[in-house]
Amino acid sequence: MGKVVLVTGVARQLGGRFVRRIGRDPDVDRVIGVDAVAPEHHLGGAEFLRADIRHPAIARVLAETRVDTVVHMDINGTPLGKRGGRASVKETNVIGTMQLLGACQKAPNVERVVIKSSTSVYGSAPRDPAVFTETTTPKSLPSGGFAKDIVEVEGYVRGFARRRPDVAVCILRFANILGPCADSPLAEYFSLPVLPTVLGYDPRLQFVHEDDALDVLRIAAAAPRRGTLNSGTFNIAGDGVLLLSQTSRRLGRPTLPLFLPTVTWAGTALRSVGITDFSPEQIRLLTHGRVVETTQMRETLGFRPKYTTAEAFAEFARSRGPGLLPPEALARTVDRLAGVLTARRTPAQ
């Protein structure tokens, strides 16, 4: 008998792609996709069960299907399409995770649980360390939004791990996932014709290509390979960093530097008209940035991303088409201005 894998959140693009990917693994016998709404994309050979993880009925699903591996991907920052709002998303993230873990605790067949978490758990604050490791305590815990959801989710996961020490638990803290199919709030921000930025700040950002996200999820859901350990908490990010100013040039999109209160007001306006979910936590990220250490990802988990941060962003940029300004011309103009400013600062010989 092969593995029986249950995946939540399969109505989203990433969840659907993961179900199709893991269904091709030779040691997987059965894949069950779960979501509160039917997916618009196909799930390959996987079975789809329409179930809301916020309800206790999810325990019956685990018991009847004799699942041994649970991959929890239904943790997100925005609603799917026009389904519900922020309150619904929080309920799915927090209450849904509680119900799912409660069901896993009662299911004797469950041997492995994988959680799709986020580096948002570290928050973004002016006194943050230059680089976060998995054991770094945030200087300022997130006070709301998706980041606060992630803090609560991981707390429940740690409690579950203590109650069921026989279950292998893997928490994957992803940096912002980008790629041709990306549907995150940050992807929506980068798709704006003009990018509002905070005057005086140029934050460092990290990205993960969606293909790498699928690969590391598959590694976490499988038995550990020789010399590796896929239980624990791991930061997942591509090599290198990009400054926000670099991303705008590579997109060919001009920036609009604004004072922080104005950016906050603009974010509220964009969110109220449904253009993008420009939340306060995203504004903090685009002010202070966030960079994480990935040594454990490489040395313990044994995963090496195919795409660097810059390459993942380049793939995303190609999928979005040209911006208002040609990237090459914009880069030449910026370099020329930088050269002029440098020459003016250099004293005459």
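Preceding this paragraph is the structure being described.
To keep things clear, this report deals only with the structure shown in the data block. (Residues numbered from 1 in each chain as written. Predicted model: local features only at pLDDT ≥ 70, side-chain atom pairs only at ≥ 80, totals over all residues. Heavy atoms only, no water.)

1. Focus on the overall build of the protein chain
- Scanning the protein chain from terminus to terminus reveals 12 helices and 13 strands.
- Relative to its full complement of 349 residues, the protein chain shows a buried share of 49%.
- Here the contacts in the protein chain between residues at least 6 apart in sequence split such that 81% fall between residues at least 24 apart.
- Of the roughly 16200 Å² that the protein chain leaves accessible, carbon and sulfur atoms contribute 55%. (Helix = DSSP H or I, 4+ residues; strand = E, 2+ residues; numbered from the N terminus. Buried < 20%, exposed > 50% of the residue type's maximum accessible area, 1.4 Å probe, protein only. Contact = heavy atoms within 4.5 Å. Areas by Shrake-Rupley, 256 points an atom, 1.4 Å probe, with all protein chains shown as cover.)

2. A word on the side chain of Ser118
- Summarising the element assignment, Ser118 is placed in strand β5 (residues 112-118).
- Leaving out residues up to four positions away in the same chain, Ser118 has contacts with Phe146, Ile150, Leu172, Arg173 and Phe174.

3. Quick word on the nonpolar core
- Val7, Leu62, Val70, Val71, Leu172, Phe174 and Ile236 are the most contacted members of the largest nonpolar core, which totals 65 residues.
- Setting aside residues up to four positions removed in sequence, Leu62 forms contacts with Leu6, Val67, Val70, Leu100, Ala103, Cys104, Ala107 and Val110.
- Residues Leu192, Leu195, Val263 and Phe313 belong to the second largest nonpolar core, which totals 24 residues. (Core = buried A, V, L, I, M, F, W, Y, C linked by side-chain atoms within 4.5 Å.)

4. Digging into the packing of aromatic side chains
- Applying the stated rule across the entire model yields 7 aromatic pairs.
- Both rings, one in Phe190 and one in Phe313, keep their centres 5.1 Å apart while their planes meet at 80°; by these two values the pair is edge-to-face. Linking Phe190 in helix α5 (residues 185-190) with Phe313 in helix α11 (residues 309-320), this pair joins segments that are 123 residues apart in sequence. Accessibility assignment for this pair places Phe190 and Phe313 in one class, buried.
- Among the aromatic residues, those joined into a ring-pair cluster are Tyr189, Phe190, Phe207, Phe313 and Phe316. (Phe/Tyr/Trp six-rings, centres within 6.5 Å; stacked < 30°, edge-to-face > 60°.)

5. Examining unusual backbone geometry
- The residue Arg66 is not glycine, and still its phi comes out positive at about 55°.
- Positionally, Arg66 belongs in the loop between α2 (57-65) and β4 (69-72).

6. Details of helix α4 (residues 145-163)
- With 19 residues, α4 should cover 27 Å at 1.5 Å per step; its first-to-last C-alpha distance of 28 Å lies within 8% of that length.
- Contacts made by the buried residues of α4 are with α3 (86-106), β5, β6 (168-174) and α9 (280-288). (Expected span 1.5 Å × (residues − 1).)

7. Concerning the sheet that holds β4
- Pairing in this open sheet of 7 strands is parallel, and the strands run β3-β2-β1-β4-β5-β6-β11 from one edge to the other. Where the open sheet ends on each side, the last strands, each with one partner, are β3 (47-50) and β11 (232-236). Taking each pair of neighbouring strands and ignoring which way they run, the sheet shows an average axis angle of 20°.
- Note: strand β2 (residues 28-35) against β3, 4 bridges, orientation parallel. (Pairing = 2+ DSSP bridges. Axes fitted to C-alpha atoms, helices over the stretch in contact; angles between N-to-C directions.)

8. Concerning the environment of Ser120
- When you line up the elements, Ser120 lands in the loop between β5 and α4.
- Separated by 54 residues in the primary sequence, Ser120 and Phe174 have C-alpha atoms spaced 8.4 Å apart.
- Beyond its immediate sequence surroundings of up to four residues, Ser120 is in contact with Pro142, Phe146, Ala147 and Arg290.

9. Here we look at the pairing of β2
- Counting buried positions over the 8 residues of β2 gives 6, a clear majority of the element.
- Looking at chain direction, strand β1 (residues 3-8) and β2 are connected through 6 bridges and run parallel. Considered in β2, the bridge of Leu6 is made with Ile32.
- The β-α-β motif built from β1, the intervening helix α1 (residues 13-22) and the parallel element β2 has right-handed crossover chirality. (Right-handed = clockwise from strand over helix to strand, strands pointing away.)

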